[in-house]
Amino acid sequence: MLEPPDDQYFMREALRQAQKANEAGEVPVGAVVVREGRIIARAHNQVELLKDATAHAEMLALTQAEAGVGDWRLIDCDLYVTKEPCAMCAGALVHTRVRRVIFGCTDPVAGAAGSVMNLLQMPGLNHRCDTASGILQDECAAILQDFFRKRRDEQIANRKSEIEN
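The rules behind these values
- Residues numbered from 1 in each chain as written.
- Predicted model: local features only at pLDDT ≥ 70, side-chain atom pairs only at ≥ 80, totals over all residues.
- Heavy atoms only, no water.
- Salt bridge = Lys/Arg side-chain N within 4 Å of Asp/Glu carboxyl O.
- Buried < 20%, exposed > 50% of the residue type's maximum accessible area, 1.4 Å probe, protein only.
- Core = buried A, V, L, I, M, F, W, Y, C linked by side-chain atoms within 4.5 Å.
- Helix = DSSP H or I, 4+ residues; strand = E, 2+ residues; numbered from the N terminus.
- Contact = heavy atoms within 4.5 Å.

A. Region of interest: the pattern of salt bridges. Across all of its chains, the model carries 8 salt bridges by this definition. Salt-bridge contacts for Asp71 lead to Arg73; the nearest nitrogen and oxygen are separated by 3.3 Å. For Asp71, a relative accessible area of 30% translates into the label partly exposed. Residue Arg73 is classed as partly exposed on the basis of its relative accessible area, which comes to 37%.

B. Structural view of the nonpolar core. By size, the foremost hydrophobic cluster in this structure holds 43 residues, and its most contacted members are Met11, Leu79, Leu93 and Leu120. Broken down by secondary-structure element, the contributors of at least two residues to this core are helix H1 (7-23), strand E1 (30-35), strand E2 (38-44), helix H3 (57-69), strand E3 (77-83), helix H4 (87-95), strand E4 (100-105) and helix H5 (137-164). Ranked by the residues each element gives to this core, the list is headed by H1, at 5 residues. When residues no more than four places from it in sequence are discounted, the contact partners of Leu120 are Ala90, Leu93, Val94, Val101, Ala112, Ala113, His127, Arg128, Cys129 and Thr131.

Written out as structure tokens, the structure is:
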């Protein structure tokens, strides 16, 4: 008998989405929305492509899931994302009433699921999401670290080129 998919399985799907973002020159974050053990939405960051600051993987996945479910309420859905959600995304997760948010690596600069603040479980809000973190943490962190390392190296090379010319 086949085992049902687990958190690592769905996080690997989110990592595949992050790789698509990476290949497109976007910050490599990927997300999937799961309902009843099946993926109903997949997305990756598209901020640069769409020239839209709100085009984070989570936001795009939520919009896709809402369309698939036929409702803005996602009460029986879980979101897997490779990096801890920011305040914008965490707010949307609360408002759509996502049941559970599972993320790979923390974001100590802008994380809104416990690192800088915890909007997902804020007592004053009308909904709180269950959370889990650290799922495939090393893989999720590595793709981001590699992306930003390359970006810094490119900036240094560009500065050197400007100085030489």
